[in-house]
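# Overview (structure and organization)
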Amino acid sequence: MDAKVDAVKPDVLTVEQQETLRQFKIKTRIDNEKYLSSHPEVEMLVGDFLSEVLLHQPDDVRQFAADHFSKPDLHLVIGSKLRRTLSETTASKTESHCTRTIN
């Protein structure tokens, strides 16, 4: 058997491949965080669904998910919660700013 073949392990990445993979993972994470920060409704949708699952603890989670995400007014519910959260965040930042200004 050829010694070169024995020395190369197909399941081990080279140093260059490891670095390329590391850079890819970093870029992917940054891109995902940018996307999620510019779309807060995603977190709201997921959080709302998880809250409902934990509240109702359905036996058939897949059917529950299908029913949950196909509600005709889901966009209105999420929009309302999102607006309320954003207004609370804005009010909190304003209050914090005023407190710092006064002190």
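## What to know about unusual backbone geometry
Even without being a glycine, Gln57 presents a positive backbone phi close to 40°. Tracing the backbone through its elements, the reader meets Gln57 in the loop between helix H3 (40-56) and helix H4 (61-69).

## Brief notes about H4
Inspection of H4 places Phe64, Ala65 and His68 among the buried residues, and these make up the whole buried set. For H4, the angular spread of buried residues about the axis comes to 100°, placing them on one side. One side-chain oxygen at the N-terminal end of H4 lies 3.3 Å from the backbone nitrogen of Arg62; it belongs to Asp60.

## Brief notes about the pattern of salt bridges
Oppositely charged side chains can form a pair if their charged atoms are brought close together. By the definition in use, this model includes three salt bridges. Here Asp31 ties to Lys27 by a salt bridge, and the two come within 2.6 Å at their closest N and O atoms. A residue pair is termed a helical-turn pair when its members lie 3 or 4 positions apart in one helix, as Asp31 and Lys27 do in helix H2 (residues 15-38) at four residues. Exposure remark for Asp31: the relative accessible area of 32% places this residue in the partly exposed category.

## Digging into the confidence of the model for the protein chain
With 80% of its residues at a pLDDT of 70 or more, the protein chain has an overall mean of 86. The secondary-structure element of the protein chain with the lowest mean pLDDT is helix H1 (residues 3-7), recorded at 55, while H4 shows the highest, at 97.

## A look at the packing of aromatic side chains
Two descriptors summarise a pair of aromatic rings, namely the distance from one centre to the other and the angle between the planes of the rings. Applying the stated criterion to the full structure yields two aromatic pairs. Relative to Phe64, the ring of Phe49 has its centre 6.3 Å away and its plane inclined at 40°; by these criteria the two rings are tilted. Note that Phe49 is positioned in helix H3 and Phe64 in helix H4, a separation of 15 residues in sequence. Residue class for Phe49 comes out buried when judged on its relative accessible area of 14%. A relative accessible area of 19% places Phe64 in the buried class. Centre to centre, the rings of Phe49 and Phe69 are 5.1 Å apart; their planes meet at 40°, and the pair counts as tilted.

Criteria and cut-off values
- Residues numbered from 1 in each chain as written.
- Predicted model: local features only at pLDDT ≥ 70, side-chain atom pairs only at ≥ 80, totals over all residues.
- Heavy atoms only, no water.
- Helix = DSSP H or I, 4+ residues; strand = E, 2+ residues; numbered from the N terminus.
- Buried < 20%, exposed > 50% of the residue type's maximum accessible area, 1.4 Å probe, protein only.
- Arc of directions from axis to C-beta.
- Polar contact = N/O pair within 3.5 Å; in protein donor to acceptor, adjacent residues only side chain to side chain.
- Salt bridge = Lys/Arg side-chain N within 4 Å of Asp/Glu carboxyl O.
- pLDDT = per-residue confidence, 0-100.
- Phe/Tyr/Trp six-rings, centres within 6.5 Å; stacked < 30°, edge-to-face > 60°.

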